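Fold and contact review
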Amino acid sequence: MIEVKDLHMHFGGIHAVDGVSLSFEGGRITGLIGPNGAGKTTLFNVIAGLHKPTSGKVYLDGADITGLKPHELFAKGMLRTFQIAQEFSTLTVRENLMMVPPNQSGERLLDTWIRPAQVRREEEQVRAKADEVIEFLEITQVADELAGNLSGGQKKLLELGRTMMVDAKIVFLDEVGAGVNRTLLNTLGDAILRLQKERGYTFCMIEHDMDFISRLCDPVIVMAEGAVLTQGSIEEVKANEQVIEAYLGTGLKNKRGAVS
Amino acid sequence: MDGPLNSFLLLSNFVLVPGMAYGSQLAIGALGVTLVYGILRFSNFAHGDTMAFGTMAVILVTWLLQSWGVSISPLPTALLALPFGIIATIALLLLTDRWVYRFFRREKAAPVVFLIASVGVMFVMNGLVRFIIGPNDQRFADGERFIIKAREFKRLTGMSEGVTFKTSQGLTILTAVIVVAALFWFLNRTRAGKSMRAYSDNEDLALLSGINPERVVMITWILAAALATIAGTLYGLDKSFKPFTYFQLLLPIFASAIVGGLGNPLGAIAGGFIIAFSEVTVTYAYKKFLAYNLPPDWAPESLMQLLSTDYKFAVSFVILVLVLLIRPTGIFKGKAT
């Protein structure tokens, strides 16, 4: 579904992403792992339109989307969440969700004057959708709470909820599990799996928690030093010598060799 | 023993009522500054001259209506002209945005660049207003001048001190209440208002949501234009219209917005009244007030004025400096740090 071809992203002399080619298949949950500084987040940022790549191409369903702005990608059904959850802290959870759908007529001043009925009807629909999402994510008890007062995990659920407001086609999750307690992590995992199975979402997630990855992701792509190291199922990846080396360094591997 | 009561009436007449009216004018002006700061993230130095332009447009339409014999007496004709003035000012600000600020937005220029650009815009607007209406004082208030006259008040109550309540003061306070209520309803209840708050809260996320940034910016300018025109017209009705005075108003208006916390609408209102009352109380001559409350032989001979009215702008300046030193984010926490 998403295809990346020979992507380079250089910041001055630093080659954060150095010739990556890969594809994220539709309807699956692809995990993107790798040691710190491997270029995962930069790759995300380039695909999600935050940076324009130095060279290379990104395709969505065969169409070239390289260098499109985040809101243009949003219109194509491609969304991302952030490593540190983002929210409109002075709006309630429900209002946060209601912000998401684009081109609401209530945003045009003229329409609120000359077509109040339509504006109200539309707002009712958006509200109903938001309520459905709140129900799905089981965050009914905080629906009218200011989003700034939510716990870190609840904010991550809100991030996921945001993607549901527009029935996103493909969602990029940047360390959605980071700093989330076990119970909420399970809720989050359940929601992601249900979205994939029941609604055909495509996910691509950067993650460090191996249990979480094992539970959700297939396939897993491993990055190191700005390039793709290997990909495959989590078992294959775990067994891969190169991956262990990338994570633990050659020194340790040699030591292990010496021991055995 | 009418001394204390008379002294209270005296204070109402010279401090309370004028302070309320001036505070309302500053508050509406500061709301415009704070909204622009919250959304576009720069201090708009052209706001004072935007007020001048709006008021000028209102004056021109008022004169036109007067020449046609249109009148809504006892209310001033300017109220009828106000919507036209607002529309003209909206047009001016939207054109300014298209010709000046949009370029810098595309360039992703630093806030200080916007600020300097707004200083340029200020000079252009300043020139434009003087070119059209001239630099002189213009009076355009008509209709009934007073709601309560001091003499009538004295006759009715039998007190030796009267309270004058001018129509312009009554209108100012009433309009301020309506404007503030409408603005808060808009920001808290409508989709467009929530988009503005969301954009001001987290710009990155807003760009990744269904919020159209250009539309948010447009609505901000429309609101700023309306607020500037209303504030300017009320000030002009209450005092008089002179382009240079409006340029000078920039200082108390900025002080109000900063004291309350830049980017915080509630703060702008509180700030407006704080600045207004500080100015009025510090420059008021307390001689007569003290004479009412002190034994006769203690009555002061000097004016008992803390600061001459010539220095009234120093008051906002001092408050501004103090707030920036002690609590840079303002009383209500604003965006600026």
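Going by the structure above, here's the rest.
Reading guide: rules and limits
- Residues numbered from 1 in each chain as written.
- Chains lettered and ligands numbered in written order.
- Predicted model: local features only at pLDDT ≥ 70, side-chain atom pairs only at ≥ 80, totals over all residues.
- Helix = DSSP H or I, 4+ residues; strand = E, 2+ residues; numbered from the N terminus.
- Buried ≥ 20, exposed ≤ 12 C-beta atoms within 10 Å, placed from the backbone.
- Contact = placed C-beta atoms within 7 Å.
- Rg over C-alpha atoms; globule rule 2.2 N^0.38 Å.
- Pairing = 2+ DSSP bridges.
- Axes fitted to C-alpha atoms, helices over the stretch in contact; angles between N-to-C directions.
- Parallel < 35°, antiparallel > 145°, perpendicular 65-115°, else oblique.
- Left-handed = near helix turned anticlockwise from the far one by under 90°.
- Nonpolar A, V, L, I, M, F, W, Y, C, P; charged D, E, K, R; others polar.
- Expected span 1.5 Å × (residues − 1).
- Arc of directions from axis to C-beta.

What follows is about the overall build of chain A. For chain A, the helix and strand inventory stands at eleven helices and ten strands. Each of the three principal axes of chain A carries a C-alpha extent, and together these read 75 × 40 × 30 Å. By the burial criterion, 42% of the 260 residues in chain A qualify as buried. Long-range pairs, those at least 24 residues apart, make up 64% of the contacts in chain A between residues at least 6 apart in sequence.

Quick look at the overall build of chain B now. When its secondary structure is counted, chain B shows 14 helices and two strands. Its C-alpha atoms give chain B a radius of gyration of 21 Å, near enough to 20 Å, the size a compact globule of 337 residues would have. The dimensions of chain B, computed from C-alpha atoms along their principal axes, are 70 × 55 × 35 Å. Taking all 337 residues of chain B together, 48% fall into the buried category. Counted over contacts in chain B with a minimum sequence separation of 6, partners at least 24 positions apart contribute 76%.

In this section: helix α11 (residues 250-260) of chain B. All names here are of chain B. Of all eleven residues making up α11, ten are buried, and the element is well covered by its neighbours. Considered for burial, the residues of α11 that qualify are Leu-250, Pro-252, Ile-253, Phe-254, Ala-255, Ser-256, Ala-257, Ile-258, Val-259 and Gly-260. Remark: Gly-261 follows α11 within two positions and exhibits a positive phi of approximately 110°.

The next thing to look at is the pairing of strand β9 (residues 220-224) of chain A. The two faces of a sheet get side chains in turn, since along a regular strand they alternate between them. Residues and elements named next belong to chain A. In terms of residue burial, β9 counts as a mostly covered element, since five of its five residues are buried. With burial as the criterion, each face of β9 is covered, one bearing Val-220, Val-222 and Ala-224 and the other bearing Ile-221 and Met-223. Sheet topology note: the strand β3 (residues 29-33)/β9 ladder contains three bridges and is parallel. By the bridge assignment, Leu-32 is partnered in β9 with Ile-221. In this structure, β9 lies alongside strand β10 (residues 227-232), joined through five bridges in antiparallel fashion. Each bridged residue has a counterpart across the sheet, and for Val-220 the counterpart in β10 is Gly-232. Taking the residues that link successive antiparallel strands as the turn, the β9-β10 hairpin has two residues, and the phi of Glu-225 there is positive, at about 50°.

With that settled, consider the sheet that holds β9 of chain A. Residues and elements named next belong to chain A. One open sheet holds the six strands; their spatial order is β6-β7-β8-β3-β9-β10, and the pairing between them is mixed. Both edges of this open sheet fall to β6 (78-80) and β10, since each of them pairs with a single strand only. With strand direction ignored, the average angle separating the axes of adjacent strands in the sheet is 20°. Here strand β7 (residues 170-174) pairs with strand β8 (residues 202-206) via five bridges, running parallel. In the strand pairing of β8, Phe-172 is matched with Cys-204.

Attention shifts here to the packing of helix α3 (residues 78-106) of chain B against helix α4 (residues 111-133) of chain B. Residue and element names in this part refer to chain B. The geometry of α3 relative to α4 is characterised by a closest axis approach of 10 Å and an angle of 160° between their N-to-C directions. Viewed along their axes, α3 and α4 adopt a mutual orientation that is roughly antiparallel. Between α3 and α4 lies a crossing whose hand is right-handed. Facing α3, whose interface residues are Thr-96, Val-100, Tyr-101 and Phe-104, α4 presents Val-113, Phe-114, Ala-117 and Val-121. Considering only residue class, the contact of α3 with α4 consists of seven nonpolar, one polar and no charged.

Between chain A and chain B, the residue contacts involve 21 residues of the former and 20 residues of the latter. Where the side of chain A that touches chain B is concerned, the elements lending two or more residues are α2 (70-75) and α4 (109-114) of chain A. Counting residues per element, the side of chain A that touches chain B draws most heavily on α2 of chain A, which supplies three residues. Across the side of chain A that touches chain B, the residue classes break down as nine nonpolar, eight polar and four charged.

The next point concerns helix α7 (residues 182-199) of chain A. All names here are of chain A. For α7, spanning 18 residues, the distance from its first C-alpha to its last is 25 Å, which sits close to the expected 26 Å at 1.5 Å a residue. Buried within α7 are the following residues: Leu-185, Thr-187, Leu-188, Ile-192 and Leu-195. Each buried residue of α7 lies within a common arc of 160° when the element is viewed along its axis, so the set occupies one face. Residues of α7 that are exposed and point more than 90 degrees away from the buried face comprise Arg-182, Thr-183, Lys-197 and Glu-198. Looking at the packing, one finds that the buried side of α7 touches β3, α6 (152-165), β8 and α8 (210-216). Gly-200 sits one or two residues past α7 and shows a positive phi near 70°.

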